[in-house]
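Here is what each chain is made of, one letter per residue.
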Amino acid sequence: MNLITKLLSIVIAGIFLSVNFACTKTTVEPGPSTPVNTGSVQFDISYEIDGESLYYDTNRYQNDFGNVYGITKLEYYISDITFIGETGNKFTHHRVNYLNAKMDSTNVIHVENVPVGNYSHLELSIGLNSDSNLSNNLPSTLENLNMFWPEPMGGGYHFIKMEGRFVEGNGAKGYAMHVGTNTCLIAVTIEQPIVIGAQNQIELRMNINEWFRDPIIFDLATANYIMGDQEKMLEIAGNGHNIFSIK
Amino acid sequence: MMRKRKNFSWIYIVAMVFTISGCKDDYTYVPGIRSDFDPTPYSLEYPEYFPNLQIPEDNPMTVEGVKLGRSLYYDVKLSENGPMEGFSCSACHNQTTSFSNNVAGTSVLAHVNLAWNKSFLWEGKVAGNLEDIMKFEVEAFFKTDMYVLKSDPNYPDMYDDAFGSTAINSQRTAYALAQFFRTLISGNSKYDRVYRHEESYTESELRGQEIFLTERGDCFHCHTFPLLTENLFHNNGLDSVHSEENYGRYNVTGNMTDMGLFKTPTLRNVELTAPYMHDGRYATLHEVVEHYNTGVKHSNTLDPIMTKPGKEFGLGLTQQDKDDLVAYLKTFTDTTYINNPNLGSPF
């Protein structure tokens, strides 16, 4: 290979790498000790109710208010997964991930190119930020289309749909926790340090009872359907800050 | 020194056994395909805002496959010698009514946009894709007699054109029907044209849309854009006590929380598909709207969407609201679909 061909190869490789880097939807905020090497992370999402395994369609769980309830549907989005370092450095993966607790394939999230090193905690959003929460912004899959938030009510997508039934009197009544609109974006903080190496597997466990716990002890009987009720959507969104832990 | 010759005859015996056992299964055996088999790819078109459509690799869309499937759809030979003798698919699914029918006291689900379904029939008895439901229709519902098709003067050649040999079996029959069903796409109603900015709603239709897409009517949760069904199951308050014929999804899952749940039908062409609900109990769209307005009956499995605070005694719609909502529902009618000659009978 002569010199001109070698140089041409290097230029082409450089153009390719720069374009590839520019298309990756991540942001890196350098700090005093920004990691150089990167690793991949696989998040496995699992579910529990205060230590009990999740079984659908059975009213066997109890929240802090005392509602005895079950779950028939749990669909939501996770986005803007952010790794926060001890020195303030951050790495954010912006991709919007659809999850359905009943569909195993959706409960795995892959994040590439995470700078290796120590991180003090994770943050993520349940829902879509205002830049993403636009009608038809997500791929036209059946799942995304079923999560549409109607245009007359603001457009975009449902951030979470959690439905089920709770015991009331001698029978059962349905509940539907549907949260959406930009002001109700759910900010989650996972205050657990993690170390990122070349390949990493992290189990994120959602404790469903946290949706009804802190700071508002939520009573399903007084607010079983919250879509369109801004106050109640904000209560559920606010309770979501502690919804995940690392197992 | 002579080497001892090894006896490999057992290998041939084993191979024969596997070959013979493979021939016995009429559904899965794939006869030899001729070397010059070269079907014509079928270009399936649908609106860009529809969900992405997955075509199974083992049943690609071809012109010849669709032609065969269309012929079978309209042919009573599909049911000859079976429990539904004298019936074709089209006997109960008429194109002019969006491939449903208007027979009082019954309610067949319309054949429209089923390519996007993951479960089929009112109770979701069959899960999977079109190939799965067509297998059910051929083998369990019609119990199609393959010898009837083989004896037909045209079908052997049609199967040869579609699949590369004249062999006729239940899998190929189901696959051809699945290909035709995939072409049953409705996406040119006024609802679609307005979405594409090609047309505008009337004032009444706009008011009806507001009821449909907000908490006032809350229709959108189950009848989602653009298929106008989310393909799930709900108890929409038809009964407070469920008799056996209204067990619904419970018949499939055996789970008491599925008691009285039925599949959300598409609202595409709903103006044409009376009567309504799984048992055809409502004759008109106004009756359906009135059910949701004042007629919802509570039971333990009533869908959470139907239990909104303030709506326990109905939606509170005025007569004008109800007329507007019906006007909006009529915008889902696609006349190009019900008049498309490519979907009609080839006979």
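The structure we're discussing is the one just above.
Quick caveat: nothing in here was measured; it's all calculated off a predicted structure. (Residues numbered from 1 in each chain as written. Chains lettered and ligands numbered in written order. Predicted model: local features only at pLDDT ≥ 70, side-chain atom pairs only at ≥ 80, totals over all residues. Heavy atoms only, no water.)

1. Some words on the interface of chain B and chain A
The figure often quoted for interface size is the accessible area lost as the parts come together. Counting residues at the interface gives 33 residues for chain B and 27 residues for chain A. A per-residue breakdown of the area chain B buries against chain A is headed by His221(B), Asn300(B) and Pro304(B), which together make up 21% of the total. Joining chain B to chain A, the criterion identifies 1 salt bridge. The salt bridge involving Glu143(A) is made with Lys118(B); its shortest N-O contact spans 3.3 Å. Summed over the shared surface of chain B and chain A, the number is 12 residue pairs in polar contact (both at pLDDT 80 or more). Considered class by class, the residues forming the side of chain B that touches chain A number 15 nonpolar, 11 polar and 7 charged. (Contact = heavy atoms within 4.5 Å. Buried area = accessible area lost by both parts, 1.4 Å probe. Salt bridge = Lys/Arg side-chain N within 4 Å of Asp/Glu carboxyl O. Polar contact = N/O pair within 3.5 Å; in protein donor to acceptor, adjacent residues only side chain to side chain. Nonpolar A, V, L, I, M, F, W, Y, C, P; charged D, E, K, R; others polar.)

2. As for helix H2 (residues 63-73) of chain B
Residue and element names in this part refer to chain B. For H2, the buried fraction is high: 9 of the 11 residues fall into the buried class. All buried positions along H2 are accounted for by Glu64, Gly65, Val66, Leu68, Gly69, Arg70, Ser71, Leu72 and Tyr73. Against helix H3 (89-92), helix H5 (146-151), helix H6 (155-163) and helix H7 (170-182) lie the buried residues of H2. (Buried < 20%, exposed > 50% of the residue type's maximum accessible area, 1.4 Å probe, protein only. Helix = DSSP H or I, 4+ residues; strand = E, 2+ residues; numbered from the N terminus.)

3. Let's talk about the pattern of salt bridges
On inspection of all chains with the given rule, the structure shows 24 salt bridges over all chains. In this structure, the salt-bridge partner of Glu203(A) is Arg205(A), at a minimum N-O distance of 2.9 Å. Asp160(B) is the salt-bridge partner of Arg34(B), the closest N and O atoms lying 3.1 Å from each other. In this pair, Arg34(B) is assigned in the loop between helix H1 (9-24) and H2 and Asp160(B) in helix H6, connecting sequence segments 126 residues apart. The exposure class assigned to Asp160(B) is buried, which follows from its relative accessible area of 16%. Through salt bridges with shared partners, a single network forms among Asp50(A), Asp64(A), Glu210(A) and Arg213(A).

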